[in-house]
Amino acid sequence: MAEESGDGVSAPLPGRCGFYVERKRRYCKMVVASGKTFCGEHANAGQEDTRKRIPCPLDPKHTVFEDSLAKHLKKCNSREKPQPVYYVKNINAGPEDEDGPADEVPLADRAKEELDSLIKKLKKAVHGLSCKHEERILSHPALCEALSDPKNGDVAFKHLKQQASLLGNMKALGLLSADRCYVEFGAGKGKLSHWINVALRGSDNVHFLLVERSTTRFKVDGKNRSTDSANMFERLQVDIQHLSLRKVPLLCEKGLPVIGVGKHLCGAATDLALRCMLEDPGGDSGDHSEQPPRKRQKREQQGERLGEDAEPAPAPEPAASQSPEPPVLGADTGKELAVSGLAIALCCHHRCDWRHYVGKEFFRERGLGASEFTALQRMSSWATCGLRKATGRSDGAPPPGDGSEQWEEEDHEHADDSIPSGLDGLVSAEDREHVGRLCKLLIDYGRVDFLRRKGFRAGLQYYTSRDVSLENVLLTAVPTG
């Protein structure tokens, strides 16, 4: 194995690609063919292969041999596939507002006077709000054995501590019980659902829906599926933005109360999850148009530019004859979608989106709109990226060796333009961190306000310490009364 140094892996692993990935500060981990130095993705970089590779027109994040494009498009994982019955385009996206942000101006391009004005508005808006949350760092017996297992390294231990505290907080709120369906948003490998299942072992009629838009390796939910168990684990590979829980067959059949959970549910995904659980699709649930949000438009445009020389993707085949409409909760089954509560660990506020955000009324009551939200959302990253100067790392994470490996493990994205260089001499690192925390606070209180308007007793608490995770705030809600 290659030895690690302060700047990443010093040499490629045996049998692995020799291409150094600057963004990840390590060598590519793909296995290479016998006698080769580079994997297929990076073969052109080493000029080992004369065949030209181009970005895939369906997803420019990966490349393909140009002479094999037609064959690749037929099997690419990003090709358009038949949608499941619970897919409803943009059902949770929220309405397109007329006062939506026009052209997003990077913080680096804003004048100091404009930033000062934004900070004044921010401090006025948070006036009267509690700037410190209650500390509720709990644990749960279900994870005692794993927490004391010496085979678990620092990274695994940090994740286990967070999962234990999440379960402890859920138990304190009465959210661990039988006859429930747990919906894990942004499930990834499904470890949070796994530990909830362990905690509820022996309980009857407990089911799990794991929502994740991308394919995931090393999933743990498969270990929980057994023929002698009445509990079910089902994966829903769909973007939360397009998920109609009321059309999920399991919920239509069982009619169980739903509890929403998530560990580090990034940015807008939290707002999409709240809309998914609590907004009635028969009411004002948003614009179901084909127009994607502004940020997703940018990503798609970038993909078009990268693959402009490639052949266009083939048109999707016409759909087969329509099957009968599936049952919908509240319409055909006589059962409503009942939400018993939620517990979501928050993070990455800089990835929020005004269209999706559920706290618009809260912002408007404080004289703030879409343009202010866009700026404050970007400034929220100042709460964690203040470590950059001290560590020399561009992602704001502590240097390797002090338990910071969780950043790469959790695969969060960080803001590109979070700290304008001109601010270095004008705003201290401490003040930037304080402003960033106020931005996060305001965005989170908008979510609390939304939940309270929906009839829930909602709150924010610190569920773990900052040395375990810099994103250590938990949003919880249970029905009032």
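Under an unreviewed UniProt entry, the name given to the chain is tRNA:m(4)X modification enzyme TRM13, and the source organism is Anguilla anguilla. A UniProt comment under Function (unreviewed entry) is attached to the chain, and it reads "tRNA methylase which 2'-O-methylates cytidine(4) in tRNA(Pro) and tRNA(Gly)(GCC), and adenosine(4) in tRNA(His)." Regarding the chain, the relevant UniProt record gives this comment under Sequence similarities (unreviewed entry): "Belongs to the methyltransferase TRM13 family."

Time to look at the overall build of the chain. A tally of helices and strands in the chain yields 14 helices and 14 strands. In the chain, which comprises 481 residues, the proportion classed as buried is 48%. Counted over contacts in the chain with a minimum sequence separation of 6, partners at least 24 positions apart contribute 72%. When the accessible surface of the chain is totalled, it reaches about 24,500 Å², and 48% of it is carbon and sulfur.

Mapped onto the fold, alanine 187 is located in the loop between strand 8 (180–185) and helix 5 (191–199). When its relative accessible area of 7% is taken as the criterion, alanine 187 is described as buried. The spacing of alanine 187 and valine 261 is 74 residues in sequence and 9.0 Å in space, taken between C-alpha atoms. Dropping the residues within four chain positions of it, alanine 187 is found in contact with Leu210, Val211 and Glu212.

A separate point is the packing of helix 7 (residues 268–278) against helix 14 (residues 429–453). Two elements in contact, helix 7 and helix 14, have axes whose closest approach is 12 Å; the angle formed by their N-to-C orientations is 0°. Taken as axis vectors, helix 7 and helix 14 run roughly parallel relative to one another. Listed contacts from helix 14 to Thr270, Asp271, Leu274 and Leu278 of helix 7 are Arg447, Phe450 and Leu451. By residue class, the composition of the contact of helix 7 with helix 14 is 4 nonpolar, 1 polar and 2 charged.

The geometry of helix 2 (residues 112–125) relative to helix 10 (residues 370–379) is characterised by a closest axis approach of 11 Å and an angle of 90° between their N-to-C directions. Put simply, helix 2 runs roughly perpendicular to helix 10. Residue-level contacts link Leu118, Ile119, Lys121 and Leu122 of helix 2 to Glu372, Ala375, Leu376 and Met379 of helix 10. Here the contact of helix 2 with helix 10 is built from residues that sort into 6 nonpolar, no polar and 2 charged.

A few words now on the UniProt feature "domain: CHHC U11-48K-type" (unreviewed entry) in the chain. In the numbering used here, UniProt assigns the "domain: CHHC U11-48K-type" (unreviewed entry) feature to residues 53–80. In residues 53–80, the share of helix is 25% and the share of strand is 21%. The end C-alpha atoms are 22 Å apart.

Moving on: the state of the cysteines. Should the sulfur atoms of two cysteines be covalently bonded, the bond is a disulfide. Here the structure, examined in full by the defined rule, presents 0 disulfides. With no disulfide of its own, cysteine 266 has cysteine 347 as its nearest cysteine by sulfur position, at a separation of 3.4 Å. Taking the relative accessible area as the measure of exposure, cysteine 266 reaches 18% and is therefore buried.

We now examine a positive patch on the surface. Among the surface-exposed residues, Arg16, Arg23, Lys24, Lys29 and Lys61 lie close enough to one another that they form a single positively charged patch. Inspection of the secondary structure assignment puts arginine 23 in the loop between strand 3 (20–21) and strand 4 (26–27).

So, about unusual backbone geometry. The phi dihedral of arginine 25 is positive, around 55°, even though this residue is not glycine. Residue placement: arginine 25 occurs in the loop between strand 3 and strand 4. Exposure remark for arginine 25: the relative accessible area of 23% places this residue in the partly exposed category. Unlike most non-glycine residues, asparagine 90 shows phi in positive territory, near 60°.

Attention shifts here to the sheet that holds strand 13 (residues 456–462). Taken in spatial order, the 8 strands of this open sheet run 7-13-14-12-11-8-9-10, and their pairing is mixed. Each having just a single partner strand, strand 7 (134–135) and strand 10 (232–236) make up the two edges of the open sheet. Where strand 11 (residues 258–266) lies against strand 12 (residues 339–347), 7 bridges are found, and the strand directions are parallel. Bridge pairing in strand 12 places valine 261 opposite alanine 343.

Judged by nonpolar contacts, the single largest core of 68 residues is most densely connected at Phe185, Leu243, Leu245, Phe363, Leu442 and Leu451. Ranked by the residues each element gives to this core, the list is headed by helix 14, at 10 residues. Not counting chain neighbours up to four residues away, the residues in contact with phenylalanine 363 comprise Trp354, Tyr357, Leu368, Phe373, Leu376, Leu442 and Ile443.

Once that is clear, we can look at the packing of aromatic side chains. In total, this model carries 9 aromatic pairs according to the counting rule given. Plain terms: the ring middles of tryptophan 354 and tyrosine 357 are 6.4 Å apart, the flat faces sit at 35° to each other, and that makes the pair tilted. Residue tyrosine 357 is classed as buried on the basis of its relative accessible area of 0%. Seen from their ring centres, tyrosine 357 and phenylalanine 363 are 5.5 Å apart, and the 85° between their planes marks the pair as edge-to-face. Since its relative accessible area comes to 1%, phenylalanine 363 is described here as buried. Cluster of aromatic residues (ring-pair linked, three or more members): Trp354, Tyr357, Phe363 and Phe373. Over the aromatic face of phenylalanine 65 sits the side chain of arginine 53, whose NZ or CZ is 4.5 Å from the ring centroid.

Calculation rules
Residues numbered from 1 in each chain as written. Predicted model: local features only at pLDDT ≥ 70, side-chain atom pairs only at ≥ 80, totals over all residues. Heavy atoms only, no water. UniProt positions renumbered as here; feature names shortened; annotations may be inferred. Helix = DSSP H or I, 4+ residues; strand = E, 2+ residues; numbered from the N terminus. Buried < 20%, exposed > 50% of the residue type's maximum accessible area, 1.4 Å probe, protein only. Contact = heavy atoms within 4.5 Å. Areas by Shrake-Rupley, 256 points an atom, 1.4 Å probe, with all protein chains shown as cover. Axes fitted to C-alpha atoms, helices over the stretch in contact; angles between N-to-C directions. Parallel < 35°, antiparallel > 145°, perpendicular 65-115°, else oblique. Nonpolar A, V, L, I, M, F, W, Y, C, P; charged D, E, K, R; others polar. Disulfide = S-S within 2.5 Å. Patch = residues over 30% accessible without salt bridge, like charges linked within 9 Å, V, L, I, M, F, W, Y side chains within 5 Å. Salt bridge = Lys/Arg side-chain N within 4 Å of Asp/Glu carboxyl O. Lys, Arg positive; Asp, Glu negative; His and termini not counted. Charge placed at Lys NZ, Arg CZ, Asp CG, Glu CD. Pairing = 2+ DSSP bridges. Core = buried A, V, L, I, M, F, W, Y, C linked by side-chain atoms within 4.5 Å. Phe/Tyr/Trp six-rings, centres within 6.5 Å; stacked < 30°, edge-to-face > 60°. Lys NZ or Arg CZ within 6 Å of the ring centre and 35° of its normal.

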